[in-house]
Amino acid sequence: MQQIINFIIRNKNFLLFLLLFGIGLIFTIQSHSYHKSRFVNSANFLSGGVYNSVNNISSYFDLRAQNQLLAEENKRLNELLFNSKTDNDSTTEHIPNTLNYAYTAANVIRNNYSLTNNFLLVNRGKNDSINEDFGVISTLGIVGIIDGVSNNYARVISILNSKSSISVTLKKSGHIGSLTWNGNSPNIIQLIDVEKIAPVSVGDTIVTSGQSLIFPKNIPVGTVLNSKLDATENFYEIDVKLFNDMTSIEHVYIIKNTNKKEIETLLENTNE
């Protein structure tokens, strides 16, 4: 306490000046609208900067929760999109899509893309009602098909796998072919078995055909990069530039065809 008193005595002139200067400044601001507005704006700028910084920090730590919310919203939108009628033919205007799909958001915890037969590992499994032969996509397009599950994880055969074969179509013409991979570039995949009568042009869009029971129709795949006839000259060999960057997959959606067993049973009875 004595030190405080001594400090005040030593600096009484300077402290008196600060007091008088503060009083004068307050009167000036109060009596002049221009100075008052400038003071308020400066105060708002400083407080706004502080609040903005605090908000940025809070937003950073809230990214995980926000990403989860976005994943759930995308899942809901995908279900609405692919469970709606996909055929634009007016004759089927009132016929609903007979295939129903459920979507489960998942995170990729391991991704291979530099081998001949590549796989992904996702953090969903039997405990999440995930089974083999479920399709896997991202917001940009097709990723692969699940071929093994444990309680909490699932293994996905990547489309960058020489053993993968998925039914796709030229969106413009509707001609169907098989999506395969030659093991070279992770950004380019091959489309085979497209009949030579199909009109194929660079830039044409490739989508899923809906012919299998795994993927809905019209899930994006990529665009035609180049094409040529195979050795028999009856079918095209087409290079497709993927929409997905398969070297950087983090969030995916697992697709379940809820009518798959019913359709398979019907097909089995038909074959008998």
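Residues numbered from 1 in each chain as written. Predicted model: local features only at pLDDT ≥ 70, side-chain atom pairs only at ≥ 80, totals over all residues. Heavy atoms only, no water.

The protein has the name Cell shape-determining protein MreC in an unreviewed UniProt entry, where Hyunsoonleella pacifica is given as its organism. Here the protein is described in UniProt, under the heading Sequence similarities (unreviewed entry), as follows: "Belongs to the MreC family." In UniProt, the protein has this text filed under Function (unreviewed entry): "Involved in formation and maintenance of cell shape." (UniProt positions renumbered as here; feature names shortened; annotations may be inferred.)

## A short note on the pattern of salt bridges
Going through the model one piece at a time under the given rule, you end up with 4 salt bridges. Lysine 172 is the salt-bridge partner of aspartate 204, the closest N and O atoms lying 3.2 Å from each other. Placement of the pair is aspartate 204 in the loop between strand E8 (188-195) and strand E9 (205-208) and lysine 172 in the loop between strand E6 (166-170) and strand E7 (176-180), with a sequence separation of 32 residues. Owing to a relative accessible area of 10%, aspartate 204 belongs among the buried residues under this scheme. Exposure remark for lysine 172: the relative accessible area of 58% places this residue in the exposed category. Through salt bridges with shared partners, a single ionic network connects Asp133, Lys260 and Glu264. (Salt bridge = Lys/Arg side-chain N within 4 Å of Asp/Glu carboxyl O. Helix = DSSP H or I, 4+ residues; strand = E, 2+ residues; numbered from the N terminus. Buried < 20%, exposed > 50% of the residue type's maximum accessible area, 1.4 Å probe, protein only.)

## Remarks on the environment of lysine 196
Within the secondary structure layout, lysine 196 lies in the loop between E8 and E9. Separated by 33 residues in sequence, lysine 196 and leucine 229 place their C-alpha atoms 7.2 Å apart. One polar contact links the side chain of lysine 196 to the main-chain carbonyl oxygen of glutamate 233, over a distance of 3.4 Å. (Polar contact = N/O pair within 3.5 Å; in protein donor to acceptor, adjacent residues only side chain to side chain.)

## Focus: the pairing of E7
Regular strands show a simple pattern: their side chains alternate between the two faces of the sheet. As paired strands, E6 and E7 are joined by 4 bridges and run antiparallel to one another. By the bridge assignment, threonine 169 is partnered in E7 with isoleucine 176. What sits between E6 and E7 in their antiparallel hairpin is a turn of 5 residues, with glycine 174 showing a positive phi close to 85°. Of the strand pairs in this sheet, E7 and E8 are connected by 3 bridges, and their pairing is antiparallel. (Pairing = 2+ DSSP bridges.)

## Description of the environment of asparagine 118
Take asparagine 118: it is sitting in strand E2 (residues 117-122). Since its relative accessible area comes to 0%, asparagine 118 is described here as buried. In the structure, asparagine 118 is positioned 40 residues away from serine 158 in sequence and 5.6 Å away in space, judged by C-alpha atoms. Look past the residues within four positions of asparagine 118 in its chain and what remains in contact with it is Asn112, Tyr113, Val156, Ile157, Ser158, Leu160, Asn161 and Trp181. A distance of 2.8 Å separates a polar side-chain atom of asparagine 118 from the backbone oxygen of leucine 115. (Contact = heavy atoms within 4.5 Å.)

## Digging into the pairing of strand E11 (residues 235-242)
Side-chain alternation along E11 places Tyr236, Ile238, Val240 and Leu242 on a buried face and Phe235, Glu237, Asp239 and Lys241 on a face that remains uncovered. With 6 bridges connecting them, E8 and E11 associate as antiparallel partners. Paired with glutamate 195 across the bridge in E11 is phenylalanine 235. The pairing of strand E10 (residues 220-229) with E11 spans 7 bridges and is classified as antiparallel.

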